[in-house]
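Chain by chain, the residues run as shown.
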Amino acid sequence: MARQFAIKRLFGHRWQRWLDRRLPATRTMVLGHRSIFIVPTRIGLLYLALVVLLLVTAINYQNSLIYGMTFWLFSIGLSAMYLTFRNLKGLSISSREAINGHVGQVFDIPLRLAAAPRREHLSLWLQYPDNPGQQLSIHRGESDTFPLSYRCHQRGYLSPGRLLLESRFPLGLFRAWSWIKLDFSTLVYPYPEKSPFVFRSGDGDGELLGATLEVRGEQDFRGLRQYQPGDSMRQIAWKQLARGKGLMTKDFDSDEGASCWLDWANASGDLEPRLSQLCGWVLEAHQLGWQYGLRLPTQELAPAHSEVHLGACLKMLALFRLDEATGTRR
């Protein structure tokens, strides 16, 4: 059993290396002879056996009618093989960015498919391994974007693996397919674990009892100013926007609010549990309106509070000890 598993694993690695050389990762793939594989289905093999049986019968009995039936069925099989291959040839598939999310979340990955000129692509099946698939068709001269579900189990850049694109149109005698590897820049953050904050001595709970950055009734309204990227959505003057006066931000006189450091040394566990704990702290501190900084063993972000700062903290957690270019573990 162990030997069979080792042989299967070795074959799988060699198969993946061969696919990586033949079909490298890309943002857009146009299917052609190098990227489409085709084999008979079980029904196709039975069909072929029937043709061979008729041919043997025709030769044995020298019957012209059986000869004619044999060659007619053989020509139908050849036509079905060509049409099945042609149903995929020329189809263009491109990656589109999904919304950033967390480990364990189901991502709706938008894929854009465009038909070849003067050609239709019917009854296509798209699926990522171990995830729900979808059947669709692209008509002549059309292009459309279809969401495909994928549950992610690894942080970093979204890497769902190879996409299976398959067709058995028109008769189901042949199966034409391709394994497509698309590049994505969507980030997958660690799973946010909810746990009580832990601060080093000196980071004092007293410091965290101050006013937060959330807009509250007791704060003094200073006026309106032009919106700047990173401003909290809670402080946008929606009434001014509804009156057509542009995007403005409410400005208040208040202290800078609570400030804290979310430190790697204060989390517990191995690599992934610590990152999950820090991710939960970041989200909670942002929701509370605190000025929060993030400190990891090799990098840190100074305390701040904005949507941009939240995105930078989550990205740092997502890519910690991963290759920045590929999102894979170093």
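Residues numbered from 1 in each chain as written. Predicted model: local features only at pLDDT ≥ 70, side-chain atom pairs only at ≥ 80, totals over all residues. Heavy atoms only, no water.

For the chain, the name recorded in an unreviewed UniProt entry is DUF58 domain-containing protein, with Oceanobacter antarcticus as its organism.

Draft legend 1. Quick peek at the overall build of the chain. For the chain, the count of helices and strands is six helices and 17 strands. Counting over 330 residues, the chain shows a buried share of 42%. Relative to all contacts within the chain whose residues are 6 or more apart in sequence, the contacts with residues 24 or more apart total 64%. Taken as a whole, the chain presents about 19100 Å² of accessible surface, with 56% of it coming from carbon and sulfur. (Helix = DSSP H or I, 4+ residues; strand = E, 2+ residues; numbered from the N terminus. Buried < 20%, exposed > 50% of the residue type's maximum accessible area, 1.4 Å probe, protein only. Contact = heavy atoms within 4.5 Å. Areas by Shrake-Rupley, 256 points an atom, 1.4 Å probe, with all protein chains shown as cover.)

Draft legend 2. Main features of the UniProt feature "transmembrane region" (unreviewed entry) in the chain. In the numbering used here, UniProt assigns the feature "transmembrane region" (unreviewed entry) to residues 36-59 and 65-85. In residues 36-59, helix accounts for 75% and strand for 17%; the two terminal C-alpha atoms are 36 Å from one another. The span residues 65-85 carries 100% helix and 0% strand; its end-to-end C-alpha distance comes to 31 Å. (UniProt positions renumbered as here; feature names shortened; annotations may be inferred.)

Draft legend 3. Looking closely at the side chain of Asn-131. Among the structural elements, Asn-131 can be located in the loop between β6 (121-127) and β7 (134-138). The class of Asn-131 is buried, set by a relative accessible area of 11%. A polar side-chain atom of Asn-131 sits 2.8 Å from the main-chain carbonyl oxygen of Pro-129. Of the polar contacts made by the side chain of Asn-131, one reaches the backbone nitrogen of Arg-151; its length is 2.9 Å. Contact partners of Asn-131, with chain neighbours within four places excluded, come to Ser-149, Tyr-150 and Arg-151. (Polar contact = N/O pair within 3.5 Å; in protein donor to acceptor, adjacent residues only side chain to side chain.)

Draft legend 4. Quick look at the nonpolar core. Within the largest apolar cluster, 35 residues are counted, with the highest numbers of intra-cluster contacts made by Ile-93, Leu-111, Leu-113 and Leu-126. Of all the elements in the fold, those that place two or more residues in this core are α3 (64-88), β5 (106-114), β6, β7, β8 (143-151), β10 (162-167) and β11 (174-181). Not counting residues up to four positions away in its chain, the partners in contact with Ile-93 are Arg-27, Thr-28, Met-29, Leu-111, Arg-112, Leu-113, Leu-126, Leu-163, Ile-180 and Leu-182. If you look at the next biggest cluster of nonpolar residues, it comprises 28 residues, including Tyr-189, Trp-290, Leu-294 and Phe-320. (Core = buried A, V, L, I, M, F, W, Y, C linked by side-chain atoms within 4.5 Å.)

Draft legend 5. Summary view of helix α2 (residues 42-61). Look at α2: 29 Å from first C-alpha to last across 20 residues, which is about the 28 Å you get at 1.5 Å a residue. Among the residues making up α2, those that are buried are Gly-44, Tyr-47, Val-51, Leu-54 and Ala-58. In an axial view of α2, the angular spread of the buried residues amounts to 80°, which keeps them on one side of the axis. Pointing more than 90 degrees away from the buried face of α2 are the exposed residues Arg-42, Leu-46, Leu-53 and Asn-60. (Expected span 1.5 Å × (residues − 1). Arc of directions from axis to C-beta.)

Draft legend 6. Quick peek at the pairing of β7. Taken together, the four bridges between β6 and β7 define a ladder with antiparallel strand orientation. Looking across to β7, one finds that Leu-124 is bridged to Leu-136. Linking β6 to β7, which pair antiparallel, is a turn of six residues; within it Asp-130 sits at a positive phi near 65°. (Pairing = 2+ DSSP bridges.)

Draft legend 7. Here's a closer look at the confidence of the model for the chain. Here the chain averages 84 in pLDDT, while 83% of its residues score no lower than 70. Residue range residues 201-219 is modelled with pLDDT below 50. Its contacts to residues more than four positions away, or to other chains, number 38 contacts. (pLDDT = per-residue confidence, 0-100.)

Draft legend 8. Fine view of the packing of α2 against α3. Running from amino to carboxyl end, α2 crosses α3 at an angle of 155°, the nearest separation of the two axes being 9 Å. The angle between α2 and α3 falls in the class roughly antiparallel. The interaxial crossing formed by α2 with α3 has left-handed handedness. Note on element contacts: α3 touches α2 through Ile-66, Tyr-67, Met-69, Thr-70, Leu-73, Phe-74, Ile-76 and Gly-77, opposite Tyr-47, Leu-50, Val-51, Leu-54, Leu-55, Thr-57, Ala-58 and Ile-59. In the contact of α2 with α3, the residues fall into 13 nonpolar, three polar and no charged. (Axes fitted to C-alpha atoms, helices over the stretch in contact; angles between N-to-C directions. Parallel < 35°, antiparallel > 145°, perpendicular 65-115°, else oblique. Left-handed = near helix turned anticlockwise from the far one by under 90°. Nonpolar A, V, L, I, M, F, W, Y, C, P; charged D, E, K, R; others polar.)

Draft legend 9. Layout of the environment of Leu-165. In this structure, Leu-165 sits in strand β10. Under the relative-accessibility criterion, Leu-165 is labelled buried at 0%. Placed 40 residues apart in sequence, Leu-165 and Trp-125 show a C-alpha to C-alpha distance of 5.7 Å. The contact partners of Leu-165, leaving out residues within four places of it in the chain, are Leu-31, Leu-88, Leu-91, Leu-124, Trp-125, Leu-126, Ala-176, Trp-177, Ser-178 and Ile-180.

Draft legend 10. Quick look at the sheet that holds β6. An order of β2-β11-β10-β6-β7 is seen for the five strands of this open sheet, with the pairing classed as antiparallel. This sheet does not close on itself; its edge strands, each paired only once, are β2 (37-40) and β7. Shown here is a sheet whose adjacent strand axes are inclined to one another by a mean of 30°, direction ignored.

Draft legend 11. Main features of the packing of helix α5 (residues 271-288) against helix α6 (residues 307-318). Interhelical geometry of α5 versus α6 gives an angle of 175° and a closest axis separation of 10 Å. The angle between α5 and α6 falls in the class roughly antiparallel. Contact with α5, carried on its side by Leu-275, Leu-278, Cys-279, Val-282, Leu-283 and His-286, involves Glu-307, Leu-310, Cys-313, Leu-314 and Leu-317 of α6 and no other residues of that element. Counted by class, the contact of α5 with α6 contains nine nonpolar, one polar and one charged residues.

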